[in-house]
Structure formats: C-alpha cells, structure tokens
Amino acid sequence: MLSVRNLTFGYGTERPVFAGVDLDIAPRSITVLIGPSGTGKTTLLRCLALLEKPQTGLIQLDDQAYAYPWPADRTFVPPWPHLTAVFQQLFLWPHLTLRENVLLPVRLKGTAHADEELDELVQAFDLGSFIDRYPNEASLGQRQRVALARALMLKPRYILLDEITSALDVEQVANILAYLKELRSRDIGIFLITHLLSFARHAADQVLFMADGSIVERGTSEILRAPQTERLGAFLSVIAAAS
Ligand code: ADP
Ligand code: MG
C-alpha cells in the first residue's frame, strides 16, 4: 500500500500548494486524480514519487516510511523503481533511439530477458514502426507510449502517470486503458492524473478531485455522475461545456 497522511507541501516560503492531504493507493487498483489546472496535481505526484520533500506528513510505501519534516541527518533511500513515475515532459534521452531509451534503465539494473519483455510492450502499444527512431523523429503520442513502456520495463509495484495520454487518439487511449487494467490484475497500484473523464469512468476504482489546495471530494467513479460537492459539480459542468 502507498499511504499518505496529512501531507503539506509548498514551494519555498509561499503558501502551501496543498495541505492535509490523505490518500491510499492499493496494489491492484487504479486511482485517478482530476482537478483544475494549476491546482497542484503534478506537485502531489512529485511528492508521492519522493522527488519533493513535503513540510509535514507521512508517506508509507509498503514497509518503507518517509516522515516529514525530513531530519537533516537521515539518509534518503529512494523507492525507485518499486515506485516509478512518468512525467508530462517524458524525459527521453535525445541522443538515444526510442528502443535504447526503453532498454537503458533495465540494462543498468542488470535485468535478464529485457529484449523479450520489450517485444511484448512493442506489441501491446504498437511501437514497432518507430521504435528505432530518435525521439525528435517521433510524434508526441508515440513518445508518450514509449515513456510508458520504459517505466513498465522496470516492473514497478506502483506506477504514477502524469497526463501521459494528452496526445493520443481515442483508439490509443482505449489501448492504454486496457493495458492499465491488465497491469492492475497483475497486482500493480496505478495512480494517474488525467483530464479524460472517460478514463476515470471506465477504469477508476477511486477518483480524487483536487481543488484549492486539498482533496475536495473522493469516491468511486460514481462521484462524476453525482458529485457531492458544489466545487466538483462546477468543475464537471465546465468540462462538459468544453467537450
Ligand atoms: P497542476 O499539475 O494541477 O496543473 P502544479 O502542481 O503543476 O499544478 O502546480 C501547482 C502550483 O505550484 C501552481 O501554482 C504552480 O505555479 C506552482 N509550481 C509548480 N512548480 C513549481 C516550482 N518548481 N516552483 C514554484 N512553484 C511551482
Ligand atoms: Mg500538472
């Protein structure tokens, strides 16, 4: 379980981006985080990925506890790739082909059978026609699928995904959705930020709505049909009007 209690984070001395956040991400589940732009979704994901040091709170990742404020003399043991994140910027190495991008982290880890595992992902995400190109020779949607494949090659127990379907067409999104459901059945905990409500409707075991510095509403995907707070209701109407 990835459990977060009373997490507060701010950049520098500004007021916190969010405060008092509690959430649980179980293995074998999909959690979808939605909310307006600039509300702190990416920042929260960076905290969950242990890339930021929150001011207060606790992050418990299976048997590993990270308590904040972090004592200056405590050694930080990173949880990667047990927990692996894919960011909007994707961070592909420009001087390596997409295939080399996917294989380099697993090779550094010394994993056997990497090539066969890559073949499986090439099939699943239909990467075959461009996997030997360089990142600048691939479309954003192609690079998004490659970045996801690179993360999955590391066999994480928890995977955190930030808006990685923004440039995918409907069919590709459906493909990724089906694959994430399969990962869930393989005991992986999935946390995903998206503006695609259909993703949340079709896959989420848990939906979190973040606004104004906290998780304002949470529940099953039913909250998208019948929001309990005015804030979520207003957000959903804006999205409905825009789509
Ligand atoms: P979202 O992902 O929901 O769009 P972000 O987490 O990216 O929101 O941003 C939340 C707030 O934190 C915004 O006001 C943003 O300007 C601010 N912010 C994001 N990154 C930084 C940073 N590195 N330094 C200072 N402020 C930041
Ligand atoms: Mg963001």
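Note that the structure is predicted; figures quoted are calculated from it, not measured. (Residues numbered from 1 in each chain as written. Chains lettered and ligands numbered in written order. Predicted model: local features only at pLDDT ≥ 70, side-chain atom pairs only at ≥ 80, totals over all residues. Heavy atoms only, no water.)

Points about the overall build of the protein
In terms of helices and strands, the protein carries 8 helices and 10 strands. Relative to a compact globule of 243 residues, whose C-alpha radius of gyration would be 18 Å, the protein shows 18 Å and is just as compact. If one aligns the C-alpha atoms of the protein with their principal axes, the spans along those axes are about 50 × 45 × 30 Å. Carbon together with sulfur atoms contributes 52% to the accessible area of the protein, which is approximately 11,600 Å² in total. Taken as two groups, the 23 positive and 27 negative side-chain charges of the protein have centres that lie 2 Å from each other. (Helix = DSSP H or I, 4+ residues; strand = E, 2+ residues; numbered from the N terminus. Rg over C-alpha atoms; globule rule 2.2 N^0.38 Å. Areas by Shrake-Rupley, 256 points an atom, 1.4 Å probe, with all protein chains shown as cover. Lys, Arg positive; Asp, Glu negative; His and termini not counted. Charge placed at Lys NZ, Arg CZ, Asp CG, Glu CD.)

Brief notes about the sheet that holds strand β5 (residues 64-68)
Sheet architecture is open: 4 strands sit in the order β2-β1-β4-β5, paired in antiparallel fashion. For this open sheet the edge positions go to β2 (18-25) and β5, each flanked by a neighbour on one side alone. Sheet twist, expressed as the mean angle between neighbouring strand axes with direction ignored, is 10 degrees. Its contacts with the sheet put helix α1 (residues 41-48) on β1 (2-9), β2 and β4 (56-61), and the angle it makes with β2 is roughly 60 degrees. (Pairing = 2+ DSSP bridges. Axes fitted to C-alpha atoms, helices over the stretch in contact; angles between N-to-C directions. Contact = heavy atoms within 4.5 Å.)

Re the sheet that holds strand β10 (residues 214-219)
Strands sit in the order β6-β7-β8-β3-β9-β10 across an open sheet of 6 strands; the sheet is mixed. Each edge of the sheet is formed by a strand with only one pairing partner; in this case those strands are β6 (83-86) and β10. When strand polarity is set aside, the average angle formed by the axes of neighbouring strands in this sheet is 15 degrees. Where strand β7 (residues 158-162) and strand β8 (residues 189-193) come together, 5 bridges link them in parallel fashion. The partner of L161 across the bridge, within β8, is L192. Along the sheet, helix α8 (residues 230-242) makes contact with β3 (29-34), β9 (206-211) and β10, crossing β9 at roughly 95 degrees.

Digging into the side chain of T31
The topology assignment puts T31 in strand β3. Of the residues examined, T31 reaches a relative accessible area of 0% and is grouped as buried. Polar side-chain contacts of T31 include one of 2.8 Å to the side chain of Q206. In contact with T31, other than residues within four places in its own chain, are D24, I25, I190, F191, L192, Q206 and L208. (Buried < 20%, exposed > 50% of the residue type's maximum accessible area, 1.4 Å probe, protein only. Polar contact = N/O pair within 3.5 Å; in protein donor to acceptor, adjacent residues only side chain to side chain.)

What is shown is where atoms sit, not what they do.
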